[in-house]
Amino acid sequence: MNRLPAIPAAAVLISLLMVGVVLSLTQGAVSMPASGSLTAIWDAVFSSDRSGLLSHEKVIVLELRLPRLLLAMLVGAILAQCGAVMQGLFRNPLADPGIIGVSSGAAVGAVLEIVVLPVAWQIWAVPSSAFVAGLLTTLLVYSLARSSAGTSVVMLLLAGVAVAAFAGAGIGFLSYFTDDTRLRELSVWQMGSLNGANHQQVLLALVAFVMLATWFQRRAGPLNAFLLGESEARHLGVPVERMKLELIVLAALGVGIAVACSGIIGFVGLVVPHLVRLSCGPDHRRLLPLSALTGAVLLMLSDLAARTLVSPAELPVGLLTALLGAPFFLILLLQQRKQWSLSGA
C-alpha cells in the first residue's frame, strides 16, 4: 500500500480544520455570517473598548460556540494521541481507551465527584478523580492481560469488557441515588457531550494537550522500538518496564481529563490512529502529530453534525462517534480473526 507523505496529509487536514472552524462558528440553532463571527472574535481580542455589553452575536460566538469548538478540537486530539500510544504500546490496533475500559473507569471517578461534591469544588476535583480512576483501571486491565508470555490481546479485550460493565453498574448506582436535577445532566454526559463547554475546561484541556503532545513526541523512538517487540526494544536500550508505566500513566491522565471535560466519547482513539497508520505508516514521529490533527478534525466535525442535524435540538456527540466507530471496530475484529485463522493454518 502506498503511503501518503506527512506534509501533504497535514495540509489536507489543516484545510479541513479551517473549513470546520468557520462552519462551527457560523452554523447552529442561530445561523450567522462568517464575517460576523470573525468580527466578534476580532473585537473581543483587539478592541480597546471593554465598557459596553456584548452584543447577542458576540455572546453566541465567544461564550458558546468558540469554547465548544476549542474543547472539541483539544479533546479529539488528546483521545487520538492516547489511542495511538496505547496501540503502539500493546502492539495491536484494537487497543483503545474506551474498549479496554479506561474511559469507563475514568467516568466512574468523575461521576462520583459530580454527585458527591458541590459545584464549586468540581473544576479540579472531577478531572483529578477521573485521572486516578482511569489510571487504576488501566493498571488493572493491563495486569490481567499480562503474563510471562506477553500481553494477551484477547484477555485485554475481555478484561476491558468486564471493567466497563462493572463501571457501568457503578455509574448506574450513583445515578439512582442522585437528585432529579443532576440525573438528566449525568445521562447526557455519559453519552458524551460538549454542551456547556467553558473557558476553564478549555484551559485545562489545552494544558493537558500541550504537556502530553510534547511528552509523547519525545517518546516516539521508544514507541517505534516497541513495534518490534519488548525483547527487541530492550536490546535496543529501551527501559521497557519504566517506559510502559510512564506511557500508561500519561495516557490515563489524558483520558481522565478528556472524560471530565466531555463525558464518554468512544472510538476516537481507535479509529483515528488506525486510519493515520494505514495512510502514512507506523512511524510514531509522524503518527502522533497527524493523529492529534485528525482527532481534532473528526471530533470538531462530529460535534458540528450533532448541533445541526436535529437543530434547534442537538445530539450527544458520543452517539455519532459510536455510530462511526462500532462498524469500524467490527471490521478490525474480522481482520484480526482472518489473521488468526491464517496463522493457525
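This text follows the structure it describes.
Our subject in this report is the structure included herewith. (Residues numbered from 1 in each chain as written. Predicted model: local features only at pLDDT ≥ 70, side-chain atom pairs only at ≥ 80, totals over all residues. Heavy atoms only, no water.)

Once that is clear, we can look at the packing of aromatic side chains. As enumerated under the stated definition, the model contains three aromatic pairs in all. Ring pairing ties together the aromatic residues F173, Y176 and F177, which thus form one cluster. In this structure, R218 packs its charged tip against the face of W215, placed 5.1 Å from the ring centre. (Phe/Tyr/Trp six-rings, centres within 6.5 Å; stacked < 30°, edge-to-face > 60°. Lys NZ or Arg CZ within 6 Å of the ring centre and 35° of its normal.)

Moving on to the pattern of salt bridges. Within the structure shown, the criterion is met by nine salt bridges. Between D283 and R285 there is a salt bridge, and its shortest N-O distance comes to 2.6 Å. The exposure class assigned to D283 is buried, which follows from its relative accessible area of 16%. A salt bridge links D303 to R307; the shortest N-O distance between them is 3.8 Å. Within this pair, D303 and its partner R307 are both found in helix α13 (residues 284-308), separated by four residues, close to a single helical turn. The two residues D303 and R307 agree in class, both being buried. One continuous salt-bridge network, built from bridges that share partners, spans R68, D303, R307 and E314. (Salt bridge = Lys/Arg side-chain N within 4 Å of Asp/Glu carboxyl O. Buried < 20%, exposed > 50% of the residue type's maximum accessible area, 1.4 Å probe, protein only. Helix = DSSP H or I, 4+ residues; strand = E, 2+ residues; numbered from the N terminus.)

Moving on, we come to the packing of helix α8 (residues 199-218) against α13. Where α8 meets α13, the closest approach of the two axes is 10 Å, and the angle between their N-to-C directions is 165°. Here α8 lies roughly antiparallel to α13, going by the angle between them. Considering only the axes of α8 and α13, their crossing is right-handed. When α8 is examined against α13, the residues F209, F216 and Q217 are found in contact with a partner set consisting of H284, R285, L288, P289 and A292. In terms of residue class, the contact of α8 with α13 is made up of five nonpolar, two polar and one charged. (Axes fitted to C-alpha atoms, helices over the stretch in contact; angles between N-to-C directions. Parallel < 35°, antiparallel > 145°, perpendicular 65-115°, else oblique. Left-handed = near helix turned anticlockwise from the far one by under 90°. Contact = heavy atoms within 4.5 Å. Nonpolar A, V, L, I, M, F, W, Y, C, P; charged D, E, K, R; others polar.)

The subject of this paragraph is the packing of helix α12 (residues 268-280) against α13. Contact geometry for α12 and α13: axes closest at 9 Å, N-to-C directions at 125°. For the element pair α12 / α13, the angle class is oblique. Both α12 and α13 take part in a crossing whose hand is right-handed. From α12, V272, P273, V276, R277 and C280 reach across to α13, where they touch R286, L287, L290, S291, T294, G295 and L298. Here the residues of the contact of α12 with α13 are counted per class, giving seven nonpolar, three polar and two charged.

This part covers unusual backbone geometry. Positive phi is not limited to glycine here, since F267 has a value of about 75°. Considering the arrangement of structural elements, one finds F267 in the loop between α11 (240-262) and α12.

With respect to the secondary-structure elements, Q201 resides in helix α8. Setting aside chain neighbours within four positions, we find Q201 in contact with L71, G196, A260 and C261.

All right, on to the environment of A106 then. With respect to the helices and strands, the residue A106 is situated in helix α4 (residues 102-116). Owing to a relative accessible area of 0%, A106 belongs among the buried residues under this scheme. A106 sits 30 residues away from L136 along the chain, and the two C-alpha atoms are 8.9 Å apart.

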